[in-house]
Amino acid sequence: MKTLRFVLSFSITLALGITLNTKIDSIPPLGKFLSPFHGFWQNAENEPITIESKTLENDLADSVNIYFDELLIPHVFASNEKDLFFTQGYITAYHRLWQMEFQLYSAEGRLAEILGPKIGNNSIVDVDKQMRRIGLKYGAQKSEELFKKEEPDIYALIESYAAGVNAYIESLSYADLPIEYKLLDYKPEAWTPFKCFLLISNMNNMLSRGERDLEHTNALKKWGREVFEILYPERPDIVDPVIPIGTAFDFDPIQVDKPDVDFPLVFSDPLIEQPDPNNGSNSFVVNGEKTANGKVILTNEPDLSLNLPSIWYVMQLNAPGINVMGATLPGGPGVIIGFNDSIAWGNTNAKRDLVDWYYIQFKDETREEYLYNGNWVPTKKVVEEIKARGSFSYYDTIIYTHHGPVVYDRNFNTGRSEATNLAMRWTAHDASKEIKALYLGNKAVNYDDWVKAFSYFAGPPQNYSFASVNGDIALWINGKFPVKWEEQGKFLMDGSNIDHEWQAFMPQSHNLHVKNPPQNFVSSANQHAADTLYPYYQYDYNYEYYRGRRINDRLRVMDNIEVEDMMALQHDNFNYNASEALPMMLDSLDSASFTDLEWSYYSKLQNWDYFNETDLQAPTIYDVWWDKVNDKLWDEIDSSDVAVYRPNWYNTVSILKNQTDFFMIDNKGTDGIKESAGDLFRQTFKETIAELEEYLEDEGNSLLWYQFKNTTIRHLLRIVPFSRGKVKIGGNSSIVNAASASHGPSWRMVVELGDGEVNAWGVYPGSQSGNPGNPTYGHMIDDWASGQYNQLYFENSMSSSSKEITHSITLKPQE
């Protein structure tokens, strides 16, 4: 009997042990995960900094000192650049290893390797297939090969960064792994220089891939040119561009005449998810003529997804010839947005259409040749293996033409026979030298150095703002821009017609720029780049029409500016859209017939000053009402049998004001009755009240703007306990303070330069540590939301005894 009990007990223990240490679907092996010696308990940290000094074998030429301030910002002091970038990789991995790796698994189309072939009804394999077909890896490989060939010295620094990441990875046991590795039950792989180039490709994916060529083609074929121009005009009269109106351009442009061509007007259904259209930024700089103390002030805030761990990681990097500080991207060397002893720079996304689609005609079903310029030209086939965890591998054959990858074909479409084979031409597929631009820009000491440095920056195109200690301010739009004839690439093009090709690229000297303009400021907020005097064709489907106008309105009247004024402008909550739409909407209402409840809602809107402040109710009411107006107005678009998209908000207001007989204003669901814009406003006003009253029935719900908007900083895995919701911040998309529900200012920086000094302030919605078990996790969110900034500690030399330093370590070479 004792033997039987022992066998049963042992069998149960063994079975439980196997179960607890086996991954079941999305559940991690619970034995390892729950172990007090190795599992998630080990991710709880009592102190903000747990890293210690260390001797590293064969990695460093000399000792490197790292000083952490109270924000956990590392200040890295090295005696040479290789050791500097090695240490940047090492320290970044200490705080952000899982984030670094996970984002690049996504970019390379490898998520199924760690998440499995699907989650619920969502195919992870299809996500990976899309990422591989759009060619992020394809472009990154080209850039890496270019650096090996033409920039060996800089490539050696990238190798040093990768070696630093790997040195940190090699120091980890299972207990030391970030908690996300334990949750998903996988381990980090070796970092390679290729991953640093893939990070640039991923930036391009977020910021330069947006386009609507196929939707435009559908709309033009479905409704004709007249309706198309009403829905999607290129240049409204109110454009207040990045480069001041009236700027002269002293160069002879490359001429490309529009050929007599026909677009292949065939219906197609885009499958590729567009980048977030709210991805953008604000940057503005004032010179000493507008400031109280005569110094220049530069600000920058990139508006991106609000994530934990945060997109940015702040560092100071110091070695002979370089002393730079600012926001870095975890996974890549150098500082992206920042300052040094002499200059400061920021950037916003430069809107330009850089993706074009080409209709491809294959010779036969083998797809080994395609028609181009009257000849059959050979294709290249690449078979991609998509490994899926817990499953077999999936294979996808991608066809490459000289235009680029054939993204849509018989293996990746919605069954439409008209437009089966579509190739993608994208500047991000070309080899480029952004890492060189950043490296040289970090070391630049004056305007000329900075201009030369960022002449190497091809993409994603950026409006780069500049300020220097000698008082110069400037703005350059840097990127690789094809010279296009009017409307080239706005619609699906004929891949067999040589006249549809890009014929040339703009010389870098022809890129838009301005230095020390008479208005004494420069600014950019993703609006049109220039007025019609610029001799090159400019187009993007997604220009911003509100933030730039508001910033320029304010800067034109502001004088005796101080740092606090620039901070306040970054947090400006004026709703330009509401100021232009709401008076029209309110005027349409019949207030004489209002109920008491309707009067209450109407009064809140009537008395509103159009600022989306946190504790007001009017922004909530307007937000819901405006959404309902758009839903009703654009029902023909939303229910279209082919893919089209809604006009932007500015044009929507314009149509409602100036195109009162436009057929889409009429509700197609009411036969025999033709509705006006006034009918639309009256109906949706009542629906808004009904919806919000129902919303208020749930306990805890409120019409206060910040609570209704519910700005949430989400963990990348959408784990609720690792996220932070209902952040008390105003603003919204298309407002200077562009904090919407899940998107907004991902890093705010203000730099004052003059009299040989540089002073800087910064904040972002997160923390340096990416560990949810760290006591500082997310600690800057409240400061970020309330408009508080942290002064950034920046010196040419440091010691552990400095009052600003809370922890210091030294990485030493093997003696």
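Residues numbered from 1 in each chain as written. Predicted model: local features only at pLDDT ≥ 70, side-chain atom pairs only at ≥ 80, totals over all residues. Heavy atoms only, no water.

Asks: Summarise the sheet that holds strand β26 (residues 724–727); cite the residues concerned and give the values.
Replies: Taken in spatial order, the three strands make up an open sheet running β8-β25-β26, and their pairing is mixed. Only two strands of the sheet have a single neighbouring strand rather than two, namely β8 (307–308) and β26. Direction of pairing for β8 relative to strand β25 (residues 711–715): parallel, over a ladder of two bridges. Bridge pairing in β25 links N307 to R714. (Pairing = 2+ DSSP bridges. Helix = DSSP H or I, 4+ residues; strand = E, 2+ residues; numbered from the N terminus.)

Asks: Explain the environment of R549 to me, using residue names and the numbers behind them.
Replies: With respect to the helices, strands and loops of the structure, R549 is situated in helix α14 (residues 547–557). Judged by relative accessible area, R549 falls into the buried class, the value being 10%. Sequence separation between R549 and V751 is 202 residues; the distance between their C-alpha atoms is 23 Å. Beyond its immediate stretch of four places on either side in the chain, R549 contacts I238, D240, Y576, E580 and Y650. (Buried < 20%, exposed > 50% of the residue type's maximum accessible area, 1.4 Å probe, protein only. Contact = heavy atoms within 4.5 Å.)

Asks: For the environment of G744, give the residues involved together with the corresponding values.
Replies: Here G744 lies in strand β27 (residues 743–745). Classification of G744 by relative accessible area gives buried; the value is 0%. Remark: the alpha-carbon pair of G744 and P302, spanning 442 residues in sequence, is separated by 7.8 Å. Those residues in contact with G744, other than ones at most four positions away along the chain, are P302, D303, L304, L306, A738 and A739.

Asks: Give a description of the pattern of salt bridges that names residues and reports values.
Replies: Under the defined criterion, the tally for this structure stands at 45 salt bridges. K490 is paired through a salt bridge with E234; the nearest N and O atoms lie 2.8 Å apart. One end of the pair, K490, is in the loop between β21 (473–478) and β22 (493–494); the other, E234, is in the loop between α11 (225–231) and β6 (280–286), and 256 residues separate them in sequence. Among the salt bridges present, the one from D782 reaches R724, with a minimum N-O distance of 2.6 Å. In this pair, D782 is assigned in helix α23 (residues 781–786) and R724 in strand β26, connecting sequence segments 58 residues apart. Residues joined by salt bridges that share partners form a network here, namely R225, E229, E234, K258, E487 and K490. (Salt bridge = Lys/Arg side-chain N within 4 Å of Asp/Glu carboxyl O.)

Asks: Go over helix α3 (residues 81–107) with me, naming the residues and quoting the values.
Replies: Taking 1.5 Å of rise per residue, the 27 residues of α3 would be expected to cover 39 Å, yet its terminal C-alpha atoms sit only 28 Å apart, more than 12% below that figure. The largest bend in α3 is about 95 degrees, located at R96. Across the 27 residues that make up α3, a large majority, 25, are buried. Backbone nitrogen of K82 and a side-chain oxygen of the N-cap are separated by 3.2 Å at the start of α3; the cap is N80. Positive phi shows up at G109, right after α3, with a value of about 75 degrees. (Expected span 1.5 Å × (residues − 1). Bend = angle between axes of the 7 residues up to and from the residue. Polar contact = N/O pair within 3.5 Å; in protein donor to acceptor, adjacent residues only side chain to side chain.)

Asks: So what about the nonpolar core? Which residues, and what values?
Replies: Core analysis: the largest hydrophobic core is formed by 175 residues, its most contacted members being F339, W357 and W450. The dominant element in this core, judged by the number of residues it contributes, is α3, at 14 residues. Setting aside residues up to four positions removed in sequence, W450 forms contacts with I343, W345, A444, Y464, S465, F466 and W476. With 68 residues, the next largest nonpolar core counts L231, Y232, M493 and L605 among its residues. (Core = buried A, V, L, I, M, F, W, Y, C linked by side-chain atoms within 4.5 Å.)

Asks: Help me get a handle on unusual backbone geometry, residues and values and all.
Replies: The linkage connecting L308 with the following residue, P309, adopts the cis geometry, with an omega of -10 degrees. With a phi close to 60 degrees, N58 is a non-glycine residue in the positive phi region. Residue position: N58 is located in the loop between β1 (54–56) and β2 (64–69). Within the chain, K726 stands out as a residue other than glycine whose phi angle is a positive 50 degrees.

Asks: A description of the side chain of R352 should follow, citing residues and the corresponding values.
Replies: Structurally, R352 is set in the loop between β12 (343–349) and β13 (355–359). One buried charged residue, R352, remains without a salt bridge, the closest side chain of opposite sign being D540 at 7.6 Å. Not counting residues up to four positions away in its chain, the partners in contact with R352 are I477, F481, M506, L512, A529, Q538, Y539 and D540. (Lys, Arg positive; Asp, Glu negative; His and termini not counted.)

Asks: Could you give an account of the confidence of the model for the protein chain, with specific residues and numbers?
Replies: Chain-level pLDDT for the protein chain is 93 on average; 94% of the residues reach the 70-or-more range. Contacts from residues 1–22, a stretch scored under 50 in pLDDT, to residues over four places away or in other chains number 10 contacts. In the predicted structure, residues 33–39 sits below a pLDDT of 50 and forms 21 contacts with residues beyond four places in sequence or in another chain. (pLDDT = per-residue confidence, 0-100.)

Asks: So what about the side chain of R209? Which residues, and what values?
Replies: Along the chain, R209 falls in the loop between α9 (193–207) and α10 (213–223). Of the buried charged residues, R209 lacks a salt bridge, with E211 as the closest side chain of opposite charge at 5.8 Å. Among all residues touching R209, those that are not within four sequence positions of it are I134, N204, I272, E273, Q274, P275, V355, M424 and W426.

Asks: Could you give me a rundown of the sheet that holds strand β18 (residues 406–408), with the residues and numbers involved?
Replies: Spatially, β18-β19-β13-β22 is the arrangement adopted by the four strands of the open sheet, whose pairing is mixed. Each having just a single partner strand, β18 and β22 make up the two edges of the open sheet. Examined bridge by bridge, β13 and β22 share two bridges and lie parallel to one another. The partner of Y358 across the bridge, within β22, is M493.

Asks: Got a sec to walk through the packing of α3 against α9? Specific residues and values, please.
Replies: When two helices pack together, their arrangement is given by the angle between the helix axes and the distance between those axes. Where α3 contacts α9, the axes come no closer than 10 Å and their chain directions differ by 65 degrees. Between α3 and α9, the angle falls in the class roughly perpendicular. In terms of crossing hand, the pair formed by α3 and α9 is left-handed. In this structure, α3 contributes Q103, L104 and A107 to the contact, and α9 contributes K195, L198, L199 and N202. Tallied by class, the residues present in the contact of α3 with α9 amount to four nonpolar, two polar and one charged. (Axes fitted to C-alpha atoms, helices over the stretch in contact; angles between N-to-C directions. Parallel < 35°, antiparallel > 145°, perpendicular 65-115°, else oblique. Left-handed = near helix turned anticlockwise from the far one by under 90°. Nonpolar A, V, L, I, M, F, W, Y, C, P; charged D, E, K, R; others polar.)

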